[in-house]
Amino acid sequence: MAGKPPTGDPVQDAPDVAAPQHAAAGLPAIAHTLRIAQKQMGVRRTALTLLKVNQKDGFDCPGCAWPEPDKRHAAEFCENGAKAVAEEATLRRVTPDFFAAHPVADLATRSGYWLGQQGRLTHPMYLAEGAETYEPVTWERAFDLIAEELHALTSPDEALFYTSGRTSNEAAFLYQLFAREFGTNNLPDCSNMCHESSGSALTDTIGVGKGSVLLEDLYQADLIIVAGQNPGTNHPRMLSALEKAKAGGTKIITVNPLPEAGMERFKNPQNARGLAGGGTPLTDLFLQIRLGGDQALFRTLGRLVLETEGAVDTDFVREHTHGFEEYERTARAADWDETLRATGLRREEIEEALRMVLASRRTVVCWAMGLTQHKHAVPTIKEVVNLLLLRGDIGRPGAGVCPVRGHSNVQGDRTMGIFERPSAAFLDALEKEFDFAPPREHGLDVVRAIRALRDGDAKVFFAMGGNFVAASPDTDVTEAAMRRARLTVHVSTKLNRSHVITGARALILPTLGRTERDRQSGGDQFVTVEDSMGMVHASRGRLEPASPQLLSEPAIVCRLARRVLGTASTTPWEEFEKDYGTIRDRVSRVVPGFEDFNARVARPGGFTLPHAPRDERRFPTATGKANFTAAPVEYPKAPEGRLLLQTLRSHDQYNTTIYGLDDRYRGIKNGRRVVLVHPDDAHALGLADGTYADLVSEWTDGTERRAPGFRVVHYPTAPGCAAAYYPETNVLVPLDHTADTSNTPASKSLVVRLEQADPA
């Protein structure tokens, strides 16, 4: 029956394993979507809610950031988007009675899946120092508790203000404004753990830390390279765009250590060919690359382009780029033997990729975490840019860079100022608009924030959404660090592990979801989001709130600011809470590209933010041109008897939210503690299919990090490489094992040994 959560925490130590699938979506996706939605919402609520997802008069999916086409299908959502909506619009409730019956020590033993399945939070809850259970608290008392701890700090920099990508533009702008009026730039966010490497690389090379393509560019491309990315699970609506591109003649190269069903064949559930036919083969060339070998691949492709007469767009290189000579010298020295070792590919495969690159007049390269979460992630992405610059493939239709953001509005939050290292221009605009002096010293990102908590240099942790404890690296270190805080606060819609790994005191503040109507004293409000391609549009919830006790995220920030800052702040917080249009008026004067914000976002579909490289072939870098780079080629290496492990999502998962215990496309059912290993590697290690092993990561600090009890699954991974799901394997990621420059945890290149374990 809809609304009834599971009573017990399911056993996950004996998964069923079948052969991986070779096609994604189709009728099974529809059936799975409807089953989960009806289980959470019931039949009528399912129909009313899903038909408003991603519509111009509806609400933005709380899942991924993939953009919507101008002409939209009545069912403009994917399987995982429907799961995200169902869990937010669920009829299940987590009331004060639930907390009274479940001490925090009990909740800490539960799986993340069980916690999330309990439903929507309904009341502000407070865990007093030394208390065993959360108790209900008024909003006024909650804000008093936060103010008390913040005012007791020696410095504003002892507070951390974390943000998840789900936060709206309006809430994000207010949140960073409050933090900076309070006196700190400590604004770590989920970008620090995912696409920070993309932003760092693109800012240095093309001057804008965002992708340069729109949906129409994919449809016009001759070639799309999809590297380090699994659209079939992480952003399935991208498959529809790739299918449309294929219909227009586009070729697709997939670069990935794992074969992924969605990139093999897409059975579009919105047309007859997908439902009744064989679907659409997407990949023309699959390069099963060794983990972390992408920089070597793109460097060698660059060398081969340089060696091919007439292949370089010399006019573009001369007029629009800087550093070509040094890059050319370095690229021409690329060594074939090193490339083959780094990539695990055959020379013939790379030469076939070259032929496809040379045949393309318009190339788009898409990527995600498979490129961004390595120690050498930033130079890898710069190498992608190098290849595109050689061909003149930035700043013309059908070509460009396409980092695919994995969380709705994670890009918008950064645009709104959620950044620990804000530009001087942004701070100047903020100071001019709000008449206060924002702090200029850079703040802490996620990794540095955990260190600060660990070392006692930070004492208050405030999270606007997300599941920080489960998302962060080095789980044992992160949890110990959080427990050292004086106060932890989480603005949330549902229960998660971060609510049970607390500081001395803790608050859970329940908030409205995207699906819910936002009524303020100034009338019904809407919020805005920015998608992965720089499109900004409105989001309007329609459902009645899960509880009358819920506050919107903007309202929470405004009331907190009034309580903490008091009369020292001249910012009209009360006006902002009443009418979100007044927030957008201020954004329009602070953030470039948002001029006349209210009028432009009122148009159906919203508007596109300017992008100088795409729109004008103008590159706002330090040199005034697009920059070639020539970093040494790096790739991770594993000693004999060890494997390279990447952490990844299952199909029944979105970030740290676990919707179920199956990974349908990879053939895994009823379990998450599995490690995918190439059969040859498994045999060499003496691990038969179905045996169990502990995963132990090895790193330079000599600390043993262990994830026990994983079922070994013989799987067609790249040889020498393995894969397992996070957050279960985040315990293996050393806190200090991060990407150069971006400081992103290097979760995709862990050296591990597998120790045979007793299945019991």
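Before reading further, recall that the structure is shown in the block above.
None of the values given here were measured: they were computed from a predicted structure.

The rules behind each value
Residues numbered from 1 in each chain as written. Predicted model: local features only at pLDDT ≥ 70, side-chain atom pairs only at ≥ 80, totals over all residues. Heavy atoms only, no water. Helix = DSSP H or I, 4+ residues; strand = E, 2+ residues; numbered from the N terminus. Rg over C-alpha atoms; globule rule 2.2 N^0.38 Å. Buried < 20%, exposed > 50% of the residue type's maximum accessible area, 1.4 Å probe, protein only. Phe/Tyr/Trp six-rings, centres within 6.5 Å; stacked < 30°, edge-to-face > 60°. Lys NZ or Arg CZ within 6 Å of the ring centre and 35° of its normal. Contact = heavy atoms within 4.5 Å. Axes fitted to C-alpha atoms, helices over the stretch in contact; angles between N-to-C directions. Parallel < 35°, antiparallel > 145°, perpendicular 65-115°, else oblique. Left-handed = near helix turned anticlockwise from the far one by under 90°. Nonpolar A, V, L, I, M, F, W, Y, C, P; charged D, E, K, R; others polar. Pairing = 2+ DSSP bridges.

1. Remarks on the overall build of the protein chain
Logical step 1: What the protein chain contains, in helices and strands, is 32 helices and 33 strands.
Logical step 2: Taking 2.2 N^0.38 as the reference for a compact globule, 760 residues should give roughly 27 Å; the C-alpha atoms of the protein chain span a radius of gyration of 25 Å, in line with that estimate.
Logical step 3: Summarising its shape, the C-alpha atoms of the protein chain cover approximately 70 × 60 × 55 Å along the three principal directions.
Logical step 4: Residue burial in the protein chain is summarised as follows: out of 760 residues, 65% are buried.

2. Some details on the packing of aromatic side chains
Logical step 1: Throughout the structure, instances matching the rule amount to 22 aromatic pairs.
Logical step 2: Both rings, one in F324 and one in F628, keep their centres 5.5 Å apart while their planes meet at 65°; by these two values the pair is edge-to-face. Highlighted residues: F324 in helix 17 (residues 324-332) and F628 in the loop between strand 24 (626-627) and strand 25 (643-648), separated in sequence by 304 residues. In this pair, the class of F324 matches that of F628, namely buried.
Logical step 3: Look at F461 and F468: their rings are 4.7 Å apart centre to centre, the planes differ by 50°, and that puts the pair in the tilted class. You'll find F461 and F468 in the same group, each marked buried.
Logical step 4: Counting every residue linked through ring pairs, the aromatic cluster contains F161, Y175, F178, F182 and F462.
Logical step 5: One Lys or Arg, K637, reaches over the ring of Y635 and ends 4.1 Å from the middle of that ring.
Logical step 6: The lysine or arginine in question, R649, covers the ring of Y654, its NZ or CZ lying 4.6 Å from the ring centre.

3. Some remarks on the environment of P734
Logical step 1: Its place among the elements puts P734 in the loop between strand 32 (721-725) and strand 33 (750-757).
Logical step 2: Remark: the alpha-carbon pair of P734 and T703, spanning 31 residues in sequence, is separated by 8.8 Å.
Logical step 3: In this structure, P734 is in contact with D474, W699, R705 and L750, ignoring residues within four places of it in sequence.

4. Some details on the packing of helix 7 (residues 139-151) against helix 27 (residues 553-565)
Logical step 1: At their nearest, the axes of helix 7 and helix 27 sit 9 Å apart, and the two run at 55° to each other. Viewed along their axes, helix 7 and helix 27 adopt a mutual orientation that is oblique. For the element pair helix 7 and helix 27, the recorded crossing hand is right-handed. Residues W139, F143, D144, I146, A147, L150 and H151 of helix 7 form the contact with helix 27, whose participating residues are I556, R559, L560, R563 and V564.
Logical step 2: Residues of the contact of helix 7 with helix 27, tallied by class, amount to eight nonpolar, one polar and three charged.

5. Side note on the sheet that holds strand 33
Logical step 1: With respect to topology, six strands assemble into a closed barrel ordered 25-32-29-31-30-33, the strand pairing being mixed. The mean inter-strand angle of the sheet, taken between neighbouring strand axes irrespective of direction, is 45°.
Logical step 2: Pairing of strand 29 (residues 674-677) with strand 31 (residues 705-714), which is carried by four bridges, proceeds in the parallel orientation. Residue pairing across strands places V675 opposite V712, the latter belonging to strand 31.

6. A short note on unusual backbone geometry
Logical step 1: The linkage connecting Y726 with the following residue, P727, adopts the cis geometry, with an omega of 10°.
Logical step 2: Tracing the chain through its elements places P727 in the loop between strand 32 and strand 33.
Logical step 3: Phi angles above zero are rare outside glycine, and D435 is one such case at about 55°.
Logical step 4: In this fold, D435 is placed in the loop between helix 23 (424-434) and helix 24 (446-454).
Logical step 5: Overall, D435 belongs to the exposed group, its relative accessible area being 66%.
Logical step 6: If you check the backbone angles, N743 has positive phi at about 65° while not being a glycine.
Logical step 7: Considering the arrangement of structural elements, one finds N743 in the loop between strand 32 and strand 33.

7. What about the sheet that holds strand 16 (residues 460-464)?
Logical step 1: Taken together, the six strands give an open sheet; going across it, the order is 6-5-18-17-16-7, and neighbouring strands pair in mixed fashion. Every interior strand has two partners, whereas the edge strands, strand 6 (135-136) and strand 7 (159-163), have only one.
Logical step 2: Summarising the sheet, strand 7 and strand 16 pair through five bridges and their orientation is parallel. Considered in strand 16, the bridge of Y162 is made with A463.

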